[in-house]
Amino acid sequence: MIDFYYWPTPNGWKISILLEELGIAYRTIPVDINAGDQFEPAFLAISPNNRMPAIVDQAPPAAYGAAPVPVFESAAIARYLAAKTGRFYADDARLRKEIDEWLFWQVGNLGPMGGQMSHFVNYAPGDHRYSEKRYRGEYHRCLGVLERRLDTREYLVGGQYTIADIINWPWVLIAKAMGQPLDEFPRVAAWRERVKQRPAVQRGVDLGKQWRGGEPKNEAARRRLFEQSADTARTSSRD
């Protein structure tokens, strides 16, 4: 059984989709980021960066010993689950290397640039034209990287659907919602639709859809979400 700490965002969808694709038993534990759940001490013990998703594997592979195994950060979770099940990764060392490259590219480029773009478009008060322009440009650049990668292939690595596709796809799913049409990226648009048609992908995106949207529950929660510092986690439990 996998304990899955989750909220319905593109980062959460990376792992909800993978869990659905793998068909392994999991228990969803909501982490309401609008209420500040990610700063609770019990969650910080699993995910010290106060970010979901995270998992705790209650029945880990023998090499890890008998104790439950916590894993935080989406790329690490994806690699752990793929290695545990032997699915959506690769046996060939060169292909594993390429999958890892696209996992790390996503968590270092597409995800952060899309996340910052979303923040300045959807949440930041006031006029932030420079910031919005910069992150729109960076997100656009990342889509161009994917477009070139998909020039001669249907999936990102090895001609097959892997965790590289699973971890990148959610941040392309929301492109239009963030005001970035995919008309100039036809290969990305086709890949987006190809992945979207998978039943497990649809189930993963639908997980917890009743929790979507909303704003921070109060001013203290808003400050914890958008004005974090090294003191945030230390003080949140006393709010």
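For the structure itself, consult the block above.
Residues numbered from 1 in each chain as written. Predicted model: local features only at pLDDT ≥ 70, side-chain atom pairs only at ≥ 80, totals over all residues. Heavy atoms only, no water.

Visitor: It is not clear to me how the pairing of strand S2 (residues 26-30) should be interpreted in this structure. Could you clarify?
Guide: Look at any regular strand and the pattern is simple: side chains alternate between the two faces of the sheet. Here strand S1 (residues 2-6) pairs with S2 via five bridges, running parallel. The partner of Tyr 6 across the bridge, within S2, is Pro 30. Traced from S1 through helix H1 (residues 10-22) to S2, the parallel crossover comes out right-handed. (Pairing = 2+ DSSP bridges. Helix = DSSP H or I, 4+ residues; strand = E, 2+ residues; numbered from the N terminus. Right-handed = clockwise from strand over helix to strand, strands pointing away.)

Visitor: Can you walk me through the packing of aromatic side chains in this structure?
Guide: Ring pairs (aromatic) are described by centroid distance and by the angle formed between their planes. Tallied over the full model, the rule gives nine aromatic pairs. Aromatic side chains Phe 4 and Tyr 6 sit 5.0 Å apart centroid to centroid with 35° between the ring planes, which places their arrangement in the tilted category. As far as burial versus exposure is concerned, Phe 4 and Tyr 6 are alike and both buried. Between Trp 7 and Trp 211, the aromatic rings sit 5.4 Å apart at their centres with planes inclined by 5°, giving stacked as the arrangement. Of this pair, Trp 7 sits in the loop between S1 and H1 while Trp 211 sits in the loop between helix H9 (199-206) and helix H10 (219-226), and the two are 204 residues apart along the sequence. The ring centre of Tyr 155 lies 5.8 Å from the NZ or CZ of Arg 194, which sits over that ring. (Phe/Tyr/Trp six-rings, centres within 6.5 Å; stacked < 30°, edge-to-face > 60°. Buried < 20%, exposed > 50% of the residue type's maximum accessible area, 1.4 Å probe, protein only. Lys NZ or Arg CZ within 6 Å of the ring centre and 35° of its normal.)

Visitor: Quick question: what am I supposed to make of helix H5 (residues 129-149) here?
Guide: Because each turn of an α-helix spans 3.6 residues, side chains separated by three or four positions end up pointing in the same direction. For H5, built from 21 residues, the straight-helix expectation of 30 Å at 1.5 Å per residue is met to within 8% by its first-to-last C-alpha distance of 30 Å. Those residues of H5 that sit buried are Ser 131, Tyr 135, Glu 138, Tyr 139, Cys 142, Leu 143, Gly 144, Val 145, Leu 146, Glu 147 and Arg 149. (Expected span 1.5 Å × (residues − 1).)

Visitor: Any chance you could explain the nonpolar core here in plain terms?
Guide: Side chains of nonpolar character tend, in soluble globular proteins, to be buried together. In this structure, Ile 55, Leu 81, Ile 163, Val 188 and Trp 191 are the most contacted members of the largest nonpolar core, which totals 61 residues. Of all the elements, helix H4 (residues 93-122) adds the most residues to this core, at eight residues. Discounting chain neighbours no more than four positions away, the residues touching Leu 81 are Ile 2, Ile 15, Leu 18, Leu 19, Leu 22, Ile 24 and Ile 55. Tyr 5, Val 31, Ala 54 and Val 56 belong to the second-largest nonpolar core, a separate cluster that totals nine residues. (Core = buried A, V, L, I, M, F, W, Y, C linked by side-chain atoms within 4.5 Å. Contact = heavy atoms within 4.5 Å.)

Visitor: I would appreciate a short explanation of unusual backbone geometry in the present structure.
Guide: Negative phi characterises most residues that are not glycine, and trans characterises most peptide bonds. The linkage connecting Met 52 with the following residue, Pro 53, adopts the cis geometry, with an omega of 10°. Notably, Phe 88 is not glycine yet its phi reads approximately 60°, a positive angle. On the secondary structure map, Phe 88 appears in the loop between helix H3 (74-85) and H4.

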